[in-house]
Amino acid sequence: MSSNPTYPSAWHCHTLQCGPDSLRLCEFGGQVLSWCSAGKERLWLSPLADDSGSKAIRGGVPLCFPWFGGRPGLPSHGFARTRRWQLLRLEQGEQQAQAKLAFSEDDHTLALWPYRFQLTLTVTLRPGELDLALTLHNTGTESWDFTAALHTYLGMAPDTPLPELVGRHYFDKLSDGQDKEFLQPIAPNPIDAIVPGLGRIDAAGLSLHNHGSDATVVWNPGPSGAKALADVPDAAFAEFLCLESAVALQPVTLAAGAQYQLGQRLRLG
Ligand SMILES: O=P(O)(O)OC[C@H]1O[C@@H](O)[C@H](O)[C@@H](O)[C@@H]1O
């Protein structure tokens with residue numbers, strides 16, 4: 001297993017290589033940080049991302065669980081992105097490379113959310129393709145509800161044309177969930193949209209396929225929002241767009257012993 005010395009040691013990073021394509025991921029948060037395909041970085045990672053290994057990393061693909069969004073007095077987007085995951089497997093290959101990480105309850109998570117679970121993230125890299133599959137397993141004896149997201153930060157301008165979104169209705173988190181119609185271009189205004197459904201989105205030569213989700217979340221803080229975020233450089237709102245595969249509209253109830261999969265596949269072309 002190779003670890004990556006260029007990222008903070010507190011993140012515990014590893015590299016996947018598949019032919020010329022490469023990917024970096026870390027045990028902290030079970031988070032993918034970088035995906036280089038066809039010679040280009042496809043994700044965005046903030047140069048000001050917290051490097052302590054105790055706060056959420058701004059960029060890559062944070063995993064939100066067991067809730068998406070905020071809850072009074074509890075960590076934003078749950079706790080999965082701020083805990084260390086266990087690397088189970090890392091396999092390199094010319095046609096396919098794969099990593100598997102897992103995360104289960106511990107005393108810290110039980111104090112915040114009193115349920116037993118196992119999350120498994122399978123990251124599969126193929127030439128021109130990244131597949132992310134998050135399996136949620138209820139390992140306890142009672143059912144629990146969750147919302148969740150693969151909070152993907154794409155390294156593309158927020159005014160990138162998104163033809164599948166134009167004209168669709170969304171819930172606007174910036175105005176108390178009001179129903180609005182999606183218009184382009186987004187930038188330079190902030191956007192925080194929960195768009196029901198939407199299995200596939202094309203964005204600047206990249207296609208995204210979401211599965212297991214009830215919505216795609218589109219987020220960019222805009223200039224004023226970026227200024228308010230300590231871990232985003234002021235002008236960097238123009239460098240990324242989050243297109244998230246999410247269970248955000250309706251919590252899913254998972255019975256004891258049951259499993260659920262939420263995923264996103266990104267493909268060039
Ligand atoms: O700053 P955080 O906790 O990583 O969240 C960033 C954004 O994540 C998005 O998914 C949410 O819809 C936004 O409301 C939120 O501001």
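Whatever comes next refers back to the structure up there.
A brief look at the structure comes next. (Residues numbered from 1 in each chain as written. Predicted model: local features only at pLDDT ≥ 70, side-chain atom pairs only at ≥ 80, totals over all residues. Heavy atoms only, no water.)

**Quick notes on the site of the ligand**
Part 1 of the argument: Taken together, Arg58, Phe68, Ser76, His77, Arg81, His151, Lys173, Asp192, Val217, Trp219 and Glu244 are the residues near the ligand.
Part 2 of the argument: Contact between the ligand and Asp192: an oxygen atom at 2.5 Å from a side-chain N or O atom of the residue.
Part 3 of the argument: The side chain of Glu244 places a nitrogen or oxygen atom 2.9 Å from an oxygen atom of the ligand.
Part 4 of the argument: Protein coverage of the free-state accessible area of the ligand, which is 400 Å², stands at 80%. (Near = heavy atom within 4 Å. Polar contact = N/O pair within 3.5 Å; in protein donor to acceptor, adjacent residues only side chain to side chain. Areas by Shrake-Rupley, 256 points an atom, 1.4 Å probe, with all protein chains shown as cover.)

**Observations concerning the sheet that holds strand S1 (residues 13–18)**
Part 1 of the argument: An order of S1-S2-S3-S4 is seen for the four strands of this open sheet, with the pairing classed as antiparallel. Looking at strand neighbours, the two that pair on one side only are S1 and strand S4 (40–41), the edges of this open sheet. (Pairing = 2+ DSSP bridges. Helix = DSSP H or I, 4+ residues; strand = E, 2+ residues; numbered from the N terminus.)

**Observations regarding the sheet that holds strand S16 (residues 206–211)**
Part 1 of the argument: The sheet built from seven strands is open, its strands ordered S6-S7-S8-S9-S19-S16-S15 with antiparallel pairing. Strands with a single pairing partner mark the edges of an open sheet, and in this sheet they are strand S6 (86–91) and strand S15 (200–203). Strand-to-strand twist in this sheet, taken as the mean axis angle between neighbours without regard to direction, amounts to 10 degrees. (Axes fitted to C-alpha atoms, helices over the stretch in contact; angles between N-to-C directions.)

**Looking at the packing of aromatic side chains**
Part 1 of the argument: As enumerated under the stated definition, the model contains 23 aromatic pairs in all.
Part 2 of the argument: Three or more aromatic residues link up through ring pairs in this structure, and these residues are Phe65, Trp67, Phe79, Trp85, Phe103, Trp113, Tyr115, Phe117, Trp144, Phe146 and Tyr260. (Phe/Tyr/Trp six-rings, centres within 6.5 Å; stacked < 30°, edge-to-face > 60°.)

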